[in-house]
Each structure stands twice: as C-alpha cells, then as structure tokens.
Amino acid sequence: MNTDNSNVRTILTGDRPTGRLHLGHFVGSLKSRVQLQEKHRQFILVADMQALTDNNGNPAKVRENVLEVVTDYLAVGIDPQRTTICLQSALPAISELAMLYLNFTTVARLERNPTIRSEIVHRGFERSVPAGFLCYPVSQAADITAFDADLVPVGEDQAPLIELANEIVTRVNNQSGKSTLKNMEGLYSETPRLPGVDGKSKMSKSSSNSITLGSSPEEIRAAVRQMYTDPKHIRVSDPGTVEGNVVFSFLDAFDQDKNEVDALKEHYRAGGLGDMVLKRRLEDLLQSLLEPIREQRKRFAADPEYVLSVLRTGTEKSRDVTSETLCRVRKDLGHFIL
Ligand code: ATP
Ligand code: MG
C-alpha cells in the first residue's frame with residue numbers, strides 16, 4: 001500500500017456481534033466500506049467487548065455472532081486482502097486506552113449523550129444502566145484512535161459518539177502538548193438511518209424489525225408484506241402520506257430510478273396508487289439485491305475455518321498497530337512506563 005499518498009485515509013468502522021447484519025448496515029455503512037477499501041487503509045472491528053455492555057447476561061449470543069458478522073462482511077464483498085478485519089477483545093491495548101480516556105470526560109457528559117439516552121430508554125435500563133454501557137462511547141473513542149483513524153463511515157446514530165471522541169482527542173492533545181491523537185470525521189451515507197419494517201425506530205439487531213442479509217426469498221416477501229405504510233390509506237383511491245411510510249424510505253434507499261420514485265410519490269399523494277403495487281416493486285428490488293449476497297454467504301458459511309483465519313490474521317496485524325498507539329499516548333502523557 002502506498003501510505004505516502006496524502007489522499008489515503010485511515011478508516012475504522014465496526015459492528016457489534018449481537019446478531020446478523022441487516023439492510024440498515026448495508027446502506028448505512030457496508031456499501032461504502034466496499035468502495036473505500038479500494039483506495040484507503042481500512043480496519044473493521046468486530047466489537048465484542050462493546051456488545052457485552054448490554055448483553056452481559058448472554059455471552060453465548062455475542063460469541064456465536066462473531067463469525068456470523070465476519071461471514072456477512074465477506075458475503076457483501078469486504079476483501080480481507082484490502083481490509084483488516086479484527087476482534088476487539090483480542091486487542092487489549094484498546095481496553096487500556098479506554099481506561100485512560102475515562103478520565104478525559106465526565107459522567108454528566110456521558111449521561112447527556114443523546115444516543116446513549118435513547119438507547120437506555122429503548123433497553124429499559126433506567127437507573128440500572130450497566131456502567132460499561134454508559135461508558136461505551138469512551139471505548140469507541142479508544143477503538144477509533146487506537147488505529148489513528150481519521151474517517152469513520154457510520155450511521156446517523158453514531159454522530160454524537162464521534163463528537164465525544166473528538167472532544168477526548170482534543171483533551172488528550174491539550175494535556176500532552178503534542179498531536180498525540182488525530183481528530184476524526186464521520187462519513188454518512190445517503191441513507192444514514194434506515195427504518196425498521198415496523199416504522200417505529202431505526203432497523204436494528206436488537207429490535208425484531210430487520211431484514212438480514214442472509215434472508216430467504218420467503219422471508220424477504222413476508223417482511224415487505226408487513227411493512228408499515230400509511231394507516232389512513234385504506235382504499236386505493238385515498239390520498240396517501242409518503243413521510244414516515246417505510247416502503248418509500250426503502251424505495252429511496254434501494255431504487256436507482258429516482259425519477260420514477262418521485263413520480264410514484266406524487267401519484268401516491270394524489271391517490272390512486274395502491275400499497276401492493278409499491279410493495280411488489282420493492283420486493284423485486286430487494287430480491288435481486290440480496291440473492292447474490294445470500295449465495296456468497298452460504299459459500300463462506302460452509303467454510304468456518306477460512307472465516308476464522310481471516311479474523312485471526314487481521315487481529316494479529318491490528319495488535320501491533322494498537323499497541324504502538326497505546327505506547328505513544330502513555331509516553332506523550334508522561335506516564336511511568338515499566
Ligand atoms: P444493536 O441493536 O445491537 O445496537 P445495530 O443494528 O444498531 O445493533 P450496530 O452494530 O450497533 O448495529 O451498528 C453498526 C453500524 O451500522 C453503525 O455504524 C450504525 O450506525 C450502522 N447502522 C445500524 N443500523 C443502521 C440503520 N438502520 N441505518 C443505517 N445505519 C445503521
Ligand atoms: Mg447499535
């Protein structure tokens with residue numbers, strides 16, 4: 001790789017191994033990761049330590065999903081020759097950095113974070129939120145900075161976490177008086193927040209509102225059929241609402257023919273266009289998008305040894321990178337190093 005080319009950015013992204021990856025991941029970040037790996041230095045972290053912050057009672061779920069997530073990466077075209085895929089729990093330097101960074105923010109700041117606040121409500125934690133969960137944005141700051149990443153392709157829910165990570169970077173640099181850590185920017189796709197099929201919240205693994213990348217044709221059909229549209233659009237002739245209508249959010253995300261989607265929206269608003277016509281169009285699009293991914297997925301799932309070797313090789317490479325960062329941070333901050 002040509003690292004002296006100034007256009008080459010270092011990218012860190014990742015996913016929690018809490019379930020199979022879904023269409024929200026595909027449009028929110030996987031698609032751009034496949035393109036970014038062509039020109040940049042990309043690391044993808046399987047965030048199993050972070051997954052435990054709200055799944056501490058269910059380590060089997062996290063363990064079982066590690067290779068599933070790596071299989072999803074390979075199925076969509078993440079190329080291990082171009083992208084380093086690694087496992088968070090096997091990179092202790094990240095945990096050490098997180099421990100140091102905890103002192104560069106406050107409990108009040110973490111409690112104010114809008115993403116954390118809504119996730120706490122969604123999970124029903126109230127005051128029994130695990131300390132690890134409240135602090136996971138700090139561990140995410142450690143993930144990003146451990147790789148000296150300056151570009152982070154993520155969904156919209158991550159924006160407040162990037163802001164916090166940049167605050168930590170600034171505080172560390174102010175204290176060291178050097179450019180110890182790099183600031184980073186989030187890279188948001190055209191669809192930074194794909195709704196779930198029920199239309200209530202973003203599509204996510206922890207709500208049962210997703211269409212996973214390995215879905216069978218029948219599962220895709222059933223999910224599209226149950227998609228939330230406009231409850232007031234009862235007869236075909238009724239005028240319908242496009243905003244908040246999940247089928248239109250999906251057409252915006254997956255239909256390449258933007259002019260046709262605009263025409264469909266206009267027709268729907270005026271009345272005379274039935275939900276079934278739209279759902280059939282969307283189903284065809286999703287069936288053809290997911291068919292090759294599902295086939296590739298099956299191929300990789302049949303070879304777990306290969307999937308494991310990809311993760312092992314990437315993690316070994318990442319161990320050197322992250323340890324070097326930890327040493328630099330501790331040295332610049334003037335810590336005692338034995
Ligand atoms: P969980 O419910 O366990 O939090 P998740 O579905 O939210 O799982 P994550 O592993 O937390 O998935 O997120 C991984 C990445 O995918 C993040 O960058 C996140 O912003 C992005 N992402 C997740 N869901 C969506 C979505 N519905 N639309 C766009 N991007 C998404
Ligand atoms: Mg999430």
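Owing to the predicted nature of the structure, the values given are computational and were not obtained by experimental measurement. (Residues numbered from 1 in each chain as written. Chains lettered and ligands numbered in written order. Predicted model: local features only at pLDDT ≥ 70, side-chain atom pairs only at ≥ 80, totals over all residues.)

1. Considerations on the pairing of strand 4 (residues 151-154)
Worth spelling out the cut-off: In short, DSSP must find at least two bridges between two strands for them to pair. Numbering of helices and strands starts at the N terminus; helices are DSSP runs of H or I of at least 4 residues and strands are runs of E of at least 2. A clockwise path from the first strand over the helix to the second, with the strands pointing away from the viewer, defines a right-handed crossover.
Across four bridges, strand 4 lies against strand 5 (residues 185-188) in parallel orientation. Of the residues in strand 5, the one forming a bridge with Val152 is Gly186. Between the parallel elements strand 4 and strand 5, the chain passes through helix 9 (residues 159-176) in a crossover that is right-handed.

2. Some remarks on the packing of helix 8 (residues 136-146) against helix 9
The cut-off we apply is this: In this analysis, axes come from line fits to C-alpha atoms, helices being fitted only over the stretch in contact, and the angle between any two N-to-C directions falls in the range 0 to 180 degrees. In these notes the angle categories are as follows: under 35 degrees is roughly parallel, over 145 is roughly antiparallel, 65 to 115 is roughly perpendicular, and the rest is oblique. Two helices cross in a left-handed way if the nearer one is turned anticlockwise from the farther one by less than a right angle. They cross in a right-handed way if the turn is clockwise. Here contacts are defined at the residue level, using C-beta atoms placed from the backbone and a cut-off of 7 Å between them. All residues other than Ala, Val, Leu, Ile, Met, Phe, Trp, Tyr, Cys, Pro, Asp, Glu, Lys and Arg, Gly among them, are scored as polar; the first ten of these are nonpolar and the last four charged.
Where helix 8 meets helix 9, the closest approach of the two axes is 9 Å, and the angle between their N-to-C directions is 70°. As judged from the angle between their axes, helix 8 and helix 9 are roughly perpendicular. Viewed along their axes, helix 8 and helix 9 form a crossing whose handedness is right-handed. Judged by residue contacts, Pro137, Gln140, Ala141, Ile144 and Thr145 of helix 8 engage Leu161, Leu164, Ala165, Ile168 and Val169 from helix 9. Taken together, the residues of the contact of helix 8 with helix 9 sort by class into eight nonpolar, two polar and no charged.

3. Let's talk about the site of ligand 1
Condition: Each residue receives a C-beta atom built from its backbone; the residue is near a molecule or strand if that atom lies within 6 Å of it.
Taken together, 19 residues sit near ligand 1, with Gly24, Gly28, Val154, Gly155 and Ser206 positioned nearest. Top contributing element to the shell around ligand 1 by residue count: helix 1 (residues 23-36), with four residues. When grouped by side-chain class, the residues that make up the shell around ligand 1 number four nonpolar, nine polar and six charged.

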